[in-house]
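Below, each chain spelled out in residue letters.
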Amino acid sequence: MTDTNTARTIVGIIGNVIAFGLFSAPIPTMVKIWKMKSVSEFKPDPYVATVLNCMMWTFYGLPFVQPDSLLVITINGAGLVMELIYVIIFFIFATSPVRKRIAIAMVIEVIFMAVVVFCTLYFLHTTKQRSMLVGILCIIFNVIMYASPLTVMALVIKTKSVKYMPFFLSLANFMNGAIWIIYACLKFDLYILIPNALGCVSGTIQFILYALYYKTTNWKDDDEDKERRNLNAEIELSQA
């Protein structure tokens with residue numbers, strides 16, 4: 001048992017490092033927005049959605065919901081802080097209508113999270129019941145989050161070009177899913193296993209698309225357009 005726990009801890013730490021890299025992927029976009037003093041055509045939606053996702057997973061990892069899940073708390077807690085910073089940057093430089101939408105979305109998320117926490121702690125009295133409810137919600141939100149990479153993959157198929165789908169980000173997404181699958185299997189956790197299995201499937205599909213469309217990709221587009229599209233792709237893929 002000790003060996004399994006040790007292995008699970010090591011795998012979880014590796015998963016934290018990889019996931020932190022994914023949470024850090026939007027930093028170049030944030031730097032660009034800060035320098036431009038404008039959000040331009042970038043959308044805050046992925047960051048706003050990821051805030052709720054991180055809140056849910058952080059709650060899931062608490063000992064009175066799912067015991068022995070400290071490493072789930074650490075990475076999602078760190079992710080929550082980073083995503084909140086991204087949202088704040090968007091709020092600062094966005095137009096008034098966008099600010100209003102961000103504010104409304106964040107209020108709704110906080111209210112929803114408060115209701116989940118109250119119902120979980122007040123009506124459910126065992127960790128099995130609590131982890132089941134919160135785990136199912138986590139899976140639902142993770143599935144929703146995978147809609148973002150799907151839009152990039154659809155663009156690749158439409159244009160027969162992989163330039164808008166950064167390879168190393170796709171690789172990181174695949175590795176992140178794979179390492180958390182191992183983590184979930186060492187001490188079986190269905191709610192961690194399912195969304196990360198979907199992440200691996202998503203990464204595998206992206207690799208297949210690379211094999212199919214790499215040779216047909218035109219790498220000589222205008223540099224400015226290339227940078228803009230890659231940044232948008234990074235925003236979407238980093239939310240997986």
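Whatever comes next refers back to the structure up there.
A. Layout of the packing of aromatic side chains. For the structure shown, the criterion picks out 12 aromatic pairs. Seen in terms of ring centroids, Phe118 and Tyr122 are 5.2 Å apart; in terms of plane orientation they differ by 10 degrees. Their pairing is stacked. Placement of both Phe118 and Tyr122 in helix H5 (residues 96-123) is noted, with a separation of 4 residues, approximately one turn of the helix. Just above the ring of Phe91 sits the side chain of Arg99; from NZ or CZ to the centre is 5.6 Å.

B. Looking closely at the packing of helix H3 (residues 45-60) against H5. Taken N-terminus to C-terminus, the directions of H3 and H5 make an angle of 15 degrees; their axes are 10 Å apart at the nearest point. In terms of orientation, H3 and H5 fall into the roughly parallel class. Note that H3 runs across H5; the crossing there is right-handed. Of H5, the residues touching H3 (which contributes Val48, Ala49, Val51, Leu52, Met55, Met56 and Phe59) are Ala105, Met106, Glu109, Phe112, Met113, Val116, Val117, Thr120 and Leu121. For the contact of H3 with H5, the class distribution of residues is 14 nonpolar, 1 polar and 1 charged.

C. Just the environment of Val117, in detail. Within the secondary structure layout, Val117 lies in helix H5. On the basis of relative accessibility, which here comes to 27%, the residue Val117 falls in the partly exposed class. A C-alpha to C-alpha distance of 9.3 Å links Val117 and Met56, two positions 61 residues apart in sequence.

D. Layout of the pattern of salt bridges. What the rule picks out here adds up to 1 salt bridge. Note that Asp68 and Lys187 form a salt bridge whose closest N and O atoms lie 2.6 Å from each other. Note that Asp68 is positioned in the loop between H3 and helix H4 (70-93) and Lys187 in the loop between helix H8 (167-186) and helix H9 (190-213), a separation of 119 residues in sequence. When its relative accessible area of 52% is taken as the criterion, Asp68 is described as exposed. When its relative accessible area of 35% is taken as the criterion, Lys187 is described as partly exposed.

E. Main features of H8. With 20 residues, H8 extends 29 Å between its outermost C-alpha atoms, agreeing within 8% with the 28 Å of an ideal straight helix rising 1.5 Å per residue. Every buried residue of H8 is accounted for by Leu169, Ser170, Ala172, Asn173, Asn176, Gly177, Ile179, Trp180, Ile181, Tyr183 and Ala184.

F. Structural context of the nonpolar core. Grouped together as the largest cluster of nonpolar side chains are 49 residues, with contacts concentrated most on Ile33, Met56, Tyr60, Phe90, Trp180 and Ile192. With near-sequence residues (within four places) excluded, Met56 lies in contact with Phe112, Met113, Val116, Val134, Leu137, Cys138 and Phe141. If you look at the next biggest cluster of nonpolar residues, it comprises 8 residues, including Val152, Leu209, Tyr210 and Tyr213.

G. Spatial organisation of a nonpolar patch on the surface. Together, Val143, Phe188, Leu190, Ile194 and Leu198 give the surface a local cluster of nonpolar side chains, amounting to about 430 Å² of exposed area. In terms of residue count, H9 provides more of the nonpolar patch than any other element does, 3 residues in total. Secondary-structure assignment places Phe188 in the loop between H8 and H9. Using a relative accessible area of 58% as the deciding quantity, one classes Phe188 as exposed.

What counts and how
Residues numbered from 1 in each chain as written. Predicted model: local features only at pLDDT ≥ 70, side-chain atom pairs only at ≥ 80, totals over all residues. Heavy atoms only, no water. Phe/Tyr/Trp six-rings, centres within 6.5 Å; stacked < 30°, edge-to-face > 60°. Helix = DSSP H or I, 4+ residues; strand = E, 2+ residues; numbered from the N terminus. Lys NZ or Arg CZ within 6 Å of the ring centre and 35° of its normal. Axes fitted to C-alpha atoms, helices over the stretch in contact; angles between N-to-C directions. Parallel < 35°, antiparallel > 145°, perpendicular 65-115°, else oblique. Left-handed = near helix turned anticlockwise from the far one by under 90°. Contact = heavy atoms within 4.5 Å. Nonpolar A, V, L, I, M, F, W, Y, C, P; charged D, E, K, R; others polar. Buried < 20%, exposed > 50% of the residue type's maximum accessible area, 1.4 Å probe, protein only. Salt bridge = Lys/Arg side-chain N within 4 Å of Asp/Glu carboxyl O. Expected span 1.5 Å × (residues − 1). Core = buried A, V, L, I, M, F, W, Y, C linked by side-chain atoms within 4.5 Å. Patch = residues over 30% accessible without salt bridge, like charges linked within 9 Å, V, L, I, M, F, W, Y side chains within 5 Å. Areas by Shrake-Rupley, 256 points an atom, 1.4 Å probe, with all protein chains shown as cover.

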